[in-house]
Amino acid sequence: MLKTFIILFILSQLAFGGYQDNTEFDEKIKEIIRTRANGDVSFLRRFVNADGIPQGLGNRDGFNDSYCYNITERLLAHSKYADCTKLQSLNGSVVDLNLWTGFDIFKFSVNLLELKNVDVEMTYRTELTYLYFSAFRKCDNRPKLLVRGNLRLKLSQGADRRKIEDLKKVCNKEMCEIQKNEECHFRHSIKNSDEYSNCRHVYGDMYFNSRFQESQPGTMDFRIDGCFVFNRTGIQFLRPIMRAFSNCSRSHLFFKNKYMCTDQLLELKDRWKSNNVNVTPADGMDVKCYQGECRGGFVSENVKDRYSGCEVIRGNVLVTEQSGNVSERVRDLSYAHVINGSLHLINNTSLKKLTLPFLKEIYSTQCPALVIQNMSNLTDIIFHSHIEFNCNSTGPKVLIRNSPKLYLYHQTLEQMRKAGAILDDFNSETDTYSENSTFYLVGLCVLIVIFVEIAWALRKNLLFPNWIYRIFPMSIKRKLKQKQPRKKKEE
C-alpha cells in the first residue's frame, strides 16, 4: 500500500532575535541549531523574515538549479534537491524525505514553491509536530497529498486547519487526505495497551507478538485503516478488540495465540466477516470463556487476571521460580472447580499458602496430576474436602518432595493416600498429627459424654460440692400423705 506524505514543517513561531517563552519548537529544529550553529539561534535568520515567517533561500547568487528541472530519476533520494524552489519531473518522480537529515528536510520545507509531476513522501515521521505551508503555492493535479499516522501532529487549532484548507486548494482537493487529531501509526510491534490508549484513529497495521502478554488488552475505541496481526500473544479476552472499527483490505491474522477464548474468537469472526479473519490455532483445544473456562499455562506475577473467575481450567497450571511473587495471582485460581490438566508447584519461595476451596478434581492425561516440589515456604494447601486426583498414564497421581513447612489437613491427606501419593521428605510428625488428631479429639469427647451421663444418673447418691448443686439443682419427690376421712360422732 502506497503511503505518501507531503510534509512541509517548521516552527510555529520564531522570533527574529531568539526563542519566545510561549513558542513550541520541534525537537529536530533544536537539534539543527545545536549541531549546525553551536546553539546560535540567529543561524535561522537567513530562512525567515523579521516576523519569523519562512521565506526560503530563493534564487541565491551563484546557485545553478538546472538539475531541479526535467528530472528523469524515479526516486529523488539525494539531499541536493532540498535547495530547489521548484521541482519538475518528466515521467513522474518521488521525493523520499525519509532518506534526508533533519536539516535538509527543514531547507526543503522553506524553499519549496512549486511541484510538477512530483510526489513528496514522508512515511510516519514521529517527530513531526507542525504543518506550515507559507511558501508552497503551486502544484499540478498529479501529486497526492496524504498526511496520515503522525501521532504528535495536532490539527485542532483554527490556524492549522486554515493552512491545510489552503493547501487543498493549491493541490487537487479530491486528492488530499489529511489525518484527524489523535491519529497514530505503529512502526514496531506493540508492547502494552498504553501505547494506543490515546489513539482515536490508526493508520496502518497493528502488530502484536509474544512481547504483548496482557490477558485483557485495553479497549480499542478507534478506527483502524489497516489490519490486526496477533502472533503468539498472551491475549485471552477479545471483547476489547471487538470495539475497533476496522477497514482491512487483506485479512486480520491470528497466529497461535493459545490463550484466546475460542467462543469470543468465533464471535469476532462473525462481526468482522469470517473471510477477513485468518486464524491458525495453537492446538485443537477449545476454550469457552462465556462458560467459565480458561486456558491453563504459566502463572506469572506480571500477568494479571489470567484466571480470574475461571471455574474450569483446560491445560496444565505451572508455578516455578520464574513466576516471581505470585501470592496475588494464585487468588484468581480460587474459583476453579476442575483442572483438566496437571498442577505443578516447583521451586517457588514466594508462595506460602494456596487456597482452592472449590477444587474438586485434577484430571491429567499424564501422571502425576499434582506435583509439589522444593516449595520451601509453602505452609498450607486447602482443597475441597472430596477432591479427586486422576491421570491416565502409569505412575503416582500425587508427588510431594522437599516441602518441610507444608501442613496437610486430614481429609486432604487421606484423599492423596487413596490416590497412591508419594510423600518424599515429608514431615512425619505433621503427617502423624494430622491423621491421628481427629481420633484423639473424638475419643476425648466420648469419654466426657460417658462421665457426664454416669454422674447425672448417680447425682442423688453422690455427694458433690455445693456449687454443682447450684448449677444442677435437684428436687426430691416425696410421697404425699393421704388424708383420712373424719369419723362421725355417734349420737
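Just so it is clear, the structure is predicted and the values come from calculations on it, not from any experiment. (Residues numbered from 1 in each chain as written. Predicted model: local features only at pLDDT ≥ 70, side-chain atom pairs only at ≥ 80, totals over all residues. Heavy atoms only, no water.)

(A) Seen up close, a nonpolar patch on the surface. On the surface, Val442, Val446, Ile450 and Ile454 cluster together into a nonpolar patch covering about 340 Å² of accessible area. Tracing the backbone through its elements, the reader meets Val442 in helix H7 (residues 428-457). Exposure remark for Val442: the relative accessible area of 48% places this residue in the partly exposed category. (Patch = residues over 30% accessible without salt bridge, like charges linked within 9 Å, V, L, I, M, F, W, Y side chains within 5 Å. Areas by Shrake-Rupley, 256 points an atom, 1.4 Å probe, with all protein chains shown as cover. Salt bridge = Lys/Arg side-chain N within 4 Å of Asp/Glu carboxyl O. Helix = DSSP H or I, 4+ residues; strand = E, 2+ residues; numbered from the N terminus. Buried < 20%, exposed > 50% of the residue type's maximum accessible area, 1.4 Å probe, protein only.)

(B) Just the pairing of strand E21 (residues 370-373), in detail. Of the pairings in the sheet, the one linking strand E18 (residues 343-346) to E21 comprises four bridges and is parallel in character. Bridging from a neighbouring strand, His344 pairs with Val371 of E21. Across four bridges, the pairing between E21 and strand E24 (residues 398-401) is parallel. When the bridges of E24 are listed, Val371 appears paired with Leu399. (Pairing = 2+ DSSP bridges.)

(C) Geometry of the state of the cysteines. Applying the stated criterion across every chain, the model contains six disulfides. Between the sulfur atoms of Cys261 and its disulfide partner Cys289 the distance amounts to 1.8 Å. Residues Cys261 and Cys289 are joined through a disulfide that is left-handed, its torsion about the S-S bond being -85°. Of this pair, Cys261 sits in the loop between strand E13 (252-255) and helix H5 (262-272) while Cys289 is found in the loop between strand E14 (277-280) and strand E15 (293-298), placing the two residues 28 residues apart along the sequence. You'll find Cys261 and Cys289 in the same group, each marked buried. Each disulfide pairs two cysteine sulfurs, and for Cys367 the partner residue is Cys391, the sulfurs being separated by 1.8 Å. Between Cys367 and Cys391 the sulfur-sulfur dihedral comes to about 90°; the bridge is accordingly right-handed. Linking Cys367 in the loop between strand E20 (361-364) and E21 with Cys391 in strand E23 (residues 388-391), this pair joins segments that are 24 residues apart in sequence. For the pair shown, Cys367 and Cys391 are each scored as buried. (Disulfide = S-S within 2.5 Å.)

(D) Seen up close, the sheet that holds strand E10 (residues 223-225). Within the open sheet, the four strands sit side by side as E7-E8-E10-E12. Their pairing is parallel. The outermost strands of the open sheet, each flanked by one partner alone, are strand E7 (183-184) and strand E12 (245-246). In terms of strand pairing, strand E8 (residues 201-203) meets E10 through three bridges, oriented parallel. Bridging from a neighbouring strand, Val202 pairs with Ile224 of E10.

(E) Expanded view of H5. Taken together, the buried positions of H5 are Asp263, Gln264, Leu265, Leu268 and Trp272. Residues of H5 that are buried make contact with strand E11 (228-231), helix H4 (239-242), E12, E13 and E14. Positioned one or two residues after H5, Lys273 has a phi angle of 70°, which is positive. (Contact = heavy atoms within 4.5 Å.)

(F) Structural detail: the nonpolar core. Grouped together as the largest cluster of nonpolar side chains are 35 residues, with contacts concentrated most on Leu343, Leu345, Ile372, Phe383 and Phe389. Sorting the residues of this core by element identifies strand E16 (312-319), E18, E21, E24 and helix H6 (410-418) as the ones contributing at least two each. In terms of residue count, the dominant contributor to this core is E16 (three residues). If we skip the residues at most four places from it in the chain, Phe383 touches Leu356, Pro357, Leu359, Leu370, Phe389, Thr412 and Met416. Among the nonpolar cores identified, the runner-up in size contains 25 residues, and Cys184, Phe228, Ile235 and Leu238 belong to it. (Core = buried A, V, L, I, M, F, W, Y, C linked by side-chain atoms within 4.5 Å.)

That's the geometry; what it means functionally is another story.
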